[in-house]
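# Breakdown of the fold
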Amino acid sequence: MTKERVPPGQYVTENFPILHLGSPSEFDPEAWDFHIQGLVARPLCLSWAELKALPRTVSVSDFHCVTGWSRLDNRWEGVAFKALYELAQVQPEARFVTLWDHQLYSSSLPLADLLRDDVLLAYRHDGSDLAPEHGGPLRLVVPHRYAYKSVKWVRGMRFTAEQEMGFWEQRGYSNTADPWKEERYA
Ligand SMILES: Nc1nc2c(c(=O)[nH]1)N[C@H]1C(S)=C(S)[C@@H](COP(=O)(O)O)O[C@H]1N2
Ligand SMILES: [Mo]
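Residues numbered from 1 in each chain as written. Chains lettered and ligands numbered in written order. Predicted model: local features only at pLDDT ≥ 70, side-chain atom pairs only at ≥ 80, totals over all residues. Heavy atoms only, no water.

### Some points on the pattern of salt bridges
Here is the rule we go by: When a carboxyl oxygen of Asp or Glu is within 4 Å of a side-chain nitrogen of Lys or Arg, the pair counts as a salt bridge. Secondary structure elements are taken from DSSP: a helix is a run of H or I of four residues or more, a strand is a run of E of two residues or more, and numbering for both begins at the N terminus. For the exposure calls, accessible area comes from a 1.4 Å probe over protein chains only, and a residue counts as buried if that area is under 20% of its type's maximum, exposed if over 50%, partly exposed in between.
In total, this model carries 15 salt bridges according to the counting rule given. Lys-149 is the salt-bridge partner of Glu-169, the closest N and O atoms lying 2.8 Å from each other. Here Glu-169 is found in the segment after β11 (156–160), whereas its partner Lys-149 is found in the loop between β10 (139–141) and β11, with 20 residues between them in sequence. As far as the burial class goes, Glu-169 and Lys-149 line up, both buried.

### Structural notes on the layout of surface pockets
Worth spelling out the cut-off: Every definition here rests on a 1 Å grid over the protein atoms only: cavities are sets of points where a 1.4 Å probe fits but cannot get out, pockets are open sets enclosed by protein on both sides within 12 Å along at least five of seven lines, and lining residues have some atom within 4 Å of a point. Grid points are joined across faces, edges and corners, and a volume is the space filled by probe spheres set on the points. In this classification, the charged set is Asp, Glu, Lys and Arg, the nonpolar set is Ala, Val, Leu, Ile, Met, Phe, Trp, Tyr, Cys and Pro, and all remaining amino acids, among them Gly, are polar.
A volume near 400 Å³ is recorded for the largest pocket. Taken together, 23 residues line the largest pocket, and the ones lying closest to its centre are Leu-19, His-20, Tyr-105, Tyr-148 and Trp-168. Within the lining of the largest pocket, the residues separate by chemical class into 16 nonpolar, four polar and three charged.

### Some points on the packing of aromatic side chains
For clarity, the cut-off: Here is the rule: rings of Phe, Tyr and Trp (six-membered ring for Trp) pair when centre to centre is within 6.5 Å. Planes less than 30 degrees apart are stacked, more than 60 are edge-to-face, and the remainder are tilted. For a lysine, the NZ atom is tested; for an arginine, the CZ atom; a charge sits over a ring if that atom is within 6 Å of the ring centre and within 35 degrees of the ring normal.
Summed over the entire model, instances satisfying the criterion amount to 17 aromatic pairs. Seen in terms of ring centroids, Tyr-146 and Tyr-148 are 6.4 Å apart; in terms of plane orientation they differ by 15°. Their pairing is stacked. Tyr-146 gets classed as buried once you look at its relative accessible area, which sits at 0%. Members of the aromatic cluster, joined through ring pairs, are Tyr-105, Tyr-146, Tyr-148, Phe-167, Trp-168, Tyr-173 and Tyr-185. A cation over an aromatic ring shows up here: Arg-171 above the ring of Phe-167, its NZ or CZ 3.7 Å from the ring centre.

### Notes on the site of ligand 1
Rules: Each residue is tested against the molecule or strand, and it is near if at least one of its non-hydrogen atoms lies within 4 Å. By the criterion applied in these results, polar contacts are pairs of N or O atoms within 3.5 Å in which, for protein atoms, one can donate a hydrogen and the other can accept it, and in which residues neighboring in sequence qualify only through two side-chain atoms. By definition, a pocket or cavity contains a molecule when more than half of the molecule's atoms lie within 2 Å of the pocket's grid points.
Contacts to ligand 1 come from 19 residues, most closely from Pro-17, Leu-21, His-134, Arg-139 and Lys-152. Between ligand 1 and Leu-21, the relevant distance is 2.8 Å, taken from an oxygen atom to a main-chain nitrogen or oxygen of the residue. Between ligand 1 and Arg-139 there is a distance of 2.7 Å, counted from an oxygen atom to a side-chain nitrogen or oxygen. Judged by the proximity of its atoms to the pocket grid, ligand 1 belongs to the largest pocket. A class-by-class count of the residues in the shell around ligand 1 yields 13 nonpolar, three polar and three charged.

### Observations concerning the environment of Lys-181
Note on placement: Lys-181 falls in the segment after β11. By relative accessible area, Lys-181 is classed as exposed at 59%. Along the backbone, Lys-181 and Leu-87 are 94 residues apart, and their C-alpha atoms lie at a distance of 33 Å.

### Observations concerning the sheet that holds strand β2 (residues 33–38)
Rule in force here: Strands were regarded as paired on the criterion that DSSP finds at least two bridges between them. Fitting a line to C-alpha atoms yields each axis, with helices limited to the stretch in contact; the angle taken between N-to-C directions then spans 0 to 180 degrees. Only heavy atoms matter for contacts: two residues are in contact if any of them lie within 4.5 Å across the pair.
With mixed pairing, the five strands of this open sheet are ordered in space as β3-β2-β11-β6-β7. In the strand order of this sheet, the two ends are held by β3 (44–47) and β7 (106–110), each with one partner. Across this sheet, the average inter-strand angle for adjacent strands is 15°, counted without regard to direction. Pairing of strand β6 (residues 96–100) with β7 involves five bridges; the strand directions are antiparallel. If you follow Thr-98 over to β7, its bridge partner there is Ser-108. Against the sheet, helix α3 (residues 81–88) makes contact with β2, β3, β6 and β11, and its axis sits at roughly 65° relative to β11, the strand it touches most.

### Considering the side chain of Glu-169
Residue Glu-169 is classed as buried on the basis of its relative accessible area, which comes to 5%. For Glu-169, the residues in contact, after removing those within four places along its chain, are Ser-106, Ser-107, Ser-108, Tyr-148, Lys-149, Ser-174 and Asn-175.

Structure (C-alpha cells):
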C-alpha cells in the first residue's frame, strides 16, 4: 500500500517539482567530463562517451524531498555507483564520498550508503533523457536519503577518510538525512 511507502511527514505528488540553487549546466558532450579523485588507486577523468559506454543499469525508486514532497516510482537509468567505485579501485581507508556539480553545490555520503544496488548516476528518467532542470545530463540518485543528497549536474566525486560537509549540511540540514527517521535538521 502507498501509505507504507511514504516516510513520516511526507506527502505524495504526481508532479516532479524542480528545486535547486544556481542554474542548469550547459551540456556539450565533447567538453563534459567526470572526475574521480581522492583515496583511489586509479584517479579518472571520464568523457561523456566513456561514461555512456559503461554498463547501463535501471532502478525504480521513490524520491523524498526534505521540504515534504515524495515522488513515487521513478524509473532511473544510468551507471551504478558501484561500477565507478570498482573502476577507480578505491582504497580501503575511504569511508565517505563528496560529489559536486558544475557550480556551487555539493553533498557527501558514507560509502556504504552509495554501494546499495539502487544508487546510480542517472542520465534517463521515466523513459526520456534526463531534463536539464532535473540535473541532466547526469545526476546522482540516492533514494533512501533526502533528495538534497542527490546532486544534480554531477561532475565529479572524491573519496575521503573523513566526511566533508556539503552545501545544505553546512547550513543546518542533517548529514545523515534518513527520511524514515525524519532526520531533516542537524
Ligand atoms: N546541483 C544541485 N543538486 C541538487 C540541488 C541543488 O540545488 N543543486 N538541490 C537538491 C534538492 S534540495 C532536491 S529536493 C533535489 C530536487 O531534484 P529535482 O529538482 O529533480 O526534483 O535536487 C537536489 N540536488
Ligand atoms: Mo530538497
